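These are the residues of each chain, in order.
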Amino acid sequence: MKIGILTHHTVVNFGAFLQAYAVQEAVKKLRPDAKVEIINYIPVKHFLINTLGWFLWYKNRQNWRNWGNIFRLPFTLKTERSKHMNLSPVCFTANGISKLGYDIIVVGSDEVWNYADPKSFNKIKFGHGIDSARLISYAPSAGNSDLSNIPESVSVGLQKFSHISGRDKRTVQLAELATKKKVVEVLDPTFLYPLPFEHNPYTPKRDYILFYYCEHLPIAIKQQIFDYAKDNGMDVIGAGESDTNYAKCTVNMTPFQWIELFRHAKFVFTGTFHGAVFSILNHRQFKVYLTNKGRIAKVGALLENLGIENRMMTPDYVFNLKTQADEIDYVSVQKTIDEKRTISIDYLKEALQ
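Rules and cut-offs
Numbering of residues starts from 1 in each chain and follows the order in which that chain's sequence is written. pLDDT decides what is reported in this predicted model: residues at 70 or higher carry local features, side-chain atom pairs at 80 or more are listed and counted, and totals for whole chains, interfaces and linings draw on all residues regardless. Heavy atoms from the whole structure form the basis of all side-chain values; hydrogens and water molecules are not counted. Under the scheme used here, helices are H or I runs from DSSP no shorter than 4 residues and strands are E runs no shorter than 2 residues, and both carry numbers assigned from the N terminus. Just to be clear, the radius of gyration here is over C-alpha atoms, and the globule rule we use is 2.2 Å times residues to the power 0.38. Only protein chains enter the accessibility calculation, which uses a 1.4 Å probe; a residue whose area is less than 20% of its type maximum is buried, one above 50% is exposed, and one in between is partly exposed. It only takes one pair of heavy atoms within 4.5 Å for two residues to be counted as in contact. Accessible areas in this description were obtained via Shrake-Rupley with a 1.4 Å probe; residue shielding takes into account the shown protein chains only. Charged residues are defined narrowly, with Lys and Arg counted positive, Asp and Glu counted negative, and His plus the chain ends left uncounted. To locate a charge, take atom NZ for lysine, CZ for arginine, CG for aspartate or CD for glutamate. Each Phe, Tyr or Trp ring (for Trp, its six-membered ring) is paired with any other whose centre lies within 6.5 Å, and the angle between the two planes then decides the class: stacked below 30 degrees, edge-to-face above 60, tilted in between. Either the NZ atom of lysine or the CZ atom of arginine qualifies as a charge over a ring when it sits within 6 Å of the ring centre and within 35 degrees of the ring normal. What a helix is expected to span follows from its residue count: subtract one and scale by 1.5 Å. Throughout, the arc means the angular range of directions from the helix axis out to the C-beta atoms. At least two DSSP bridges between two strands are required for those strands to pair. Each axis is a line fitted through C-alpha atoms, and for a helix only the stretch in contact is used; angles between axes span 0 to 180 degrees, taken between their N-to-C directions.

Caption draft 1: Structural detail: the overall build of the protein. A tally of helices and strands in the protein yields 12 helices and 11 strands. In terms of C-alpha radius of gyration, the protein reaches 20 Å, essentially the compact-globule figure of 20 Å for 353 residues. Viewed in the frame of its principal axes, the protein has a C-alpha envelope of about 60 × 40 × 40 Å. Buried residues in the protein amount to 59% of all 353 residues. Sequence separation of at least 24 residues holds for 77% of the intrachain contacts in the protein that already meet a minimum separation of 6. A total accessible area of about 15300 Å² is found for the protein, and carbon and sulfur atoms account for 53% of it. Taken together, the 43 basic and 34 acidic charged side chains of the protein have centroids lying 5 Å from each other.

Now the structure itself:
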């Protein structure tokens, strides 16, 4: 038995790396008899846009010392993929994937079904041109795609899948509209099994507040958080960010060192899906600030799914660790996660038979 995983594994992003690794490890645990690989499929347009975009210069946020760390991260992630992912030979087409001889191909996780995003929309990830393997999905997301205007290529492709799951309600609705079948809503793969972590040399010795891409946060709110940290003897750092206002430049690290930063943070502010995920996995108190339509959809769906919708920051938000240290009841949240994890693992186990 040979199983391939088709996902966004080359994106310069810690969450993208960890979701791909988590799918790989989940499949290996459920099918120890199989050869499991991440299909090293490189969609050239998406790869170039994502990689080149990483090197953009942000005025007033970066300096040349930070730039050196920024430049090195894509190479650090490439090394980590080689160490921790069972990568197939590189391929660029559906025919190249078919020639690798998989019995089952798992599509997902991440926004592999977001046809609203022109840079990443790819018919191959809907199964087009792949006729040599049985197709299943695990926790793909359609992002903020318009369900009233589903492309024919998406509907036709989804009908080729023997088992379909989605990471959020919108993706489930998409698949059910396209296939007229019942679709399972599952957890992001990073929830399925504990992921390893590594000691992080960037971890401050004193208490710290952690930011992870909380973009466009109003200056007054951000300054109030920094002032609170200073007044209470705390550091403020970014989880793999280069903002010169932080106590340290933490850009160039491994994904498992990135997890370590969440484990010890006293509070987390984020604007991304996996920033919220790893705050939850590490039972951290956190808030989210969302302006991007796609992130509003996917982070909002995650929070609703776990019953913690009140994590959104409002314009009048004031940070106070003493009063906000126990806002999330993680006993209740963990119970919900455990229930949904069982559903998710059972689905994947059945799909892989």
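Caption draft 2: Up close: the packing of aromatic side chains. The full count for this structure, using the stated rule, is 23 aromatic pairs. Plain terms: the ring middles of F121 and F126 are 6.0 Å apart, the flat faces sit at 70° to each other, and that makes the pair edge-to-face. Of the residues examined, F126 reaches a relative accessible area of 0% and is grouped as buried. Consider the rings of F267 and F269, whose centres lie 5.0 Å apart with planes at 40°: the pair is tilted. The class for F267 is buried, based on a relative accessible area of 0%. Above the ring of Y193, the side-chain terminus of K29 is found at 5.1 Å from the ring centroid. Lying across the ring of F197, R263 places its NZ or CZ 3.7 Å from the centre.

Caption draft 3: Just helix α7 (residues 219-231), in detail. Between its terminal C-alpha atoms α7 stretches 18 Å, which fits the 18 Å expected from 13 residues at 1.5 Å a residue. Among all positions in α7, only I221, K222, I225, F226, Y228 and A229 are buried. The buried residues of α7 occupy one face: seen down the axis, they fall within an arc of 160°. Away from the buried face of α7 by more than 90 degrees, exposed residues I219, A220, K230 and D231 are located. Looking at the packing, one finds that the buried side of α7 touches β8 (208-212), β9 (235-238), β10 (267-270) and α11 (321-324).

Caption draft 4: Geometry of helix α6 (residues 169-179). Along α6, the positions that sit buried rather than exposed are T171, V172, L174, A175, A178 and T179. The arc that holds every buried residue of α6, seen down its axis, measures 160°, which confines them to one face. Against the buried residues of α6 lie α5 (152-158), β6 (165-166) and β7 (184-185). Looking one or two places after α6, you find K180, whose phi comes out positive at around 60°.

Caption draft 5: The environment of K125, seen in detail. Mapped onto the fold, K125 is located in the loop between β3 (104-107) and β4 (134-137). Apart from residues no more than four positions distant in its own chain, K125 is found in contact with L6, T7, H8, Y41, P43, V107, V112, W113 and F161.

Caption draft 6: Molecular detail of the sheet that holds strand β11 (residues 286-288). Taken in spatial order, the four strands line up as β9-β8-β10-β11 in an open sheet, and their pairing is parallel. If you trace the sheet from one side to the other, it starts and ends with β9 and β11, each paired once. In this sheet, neighbouring strand axes are inclined to one another by 20° on average, regardless of whether the strands run parallel or antiparallel. Relative to β9, β8 is paired through four bridges, and the arrangement is parallel. Looking at β9, one finds that I209 is bridged to V236.

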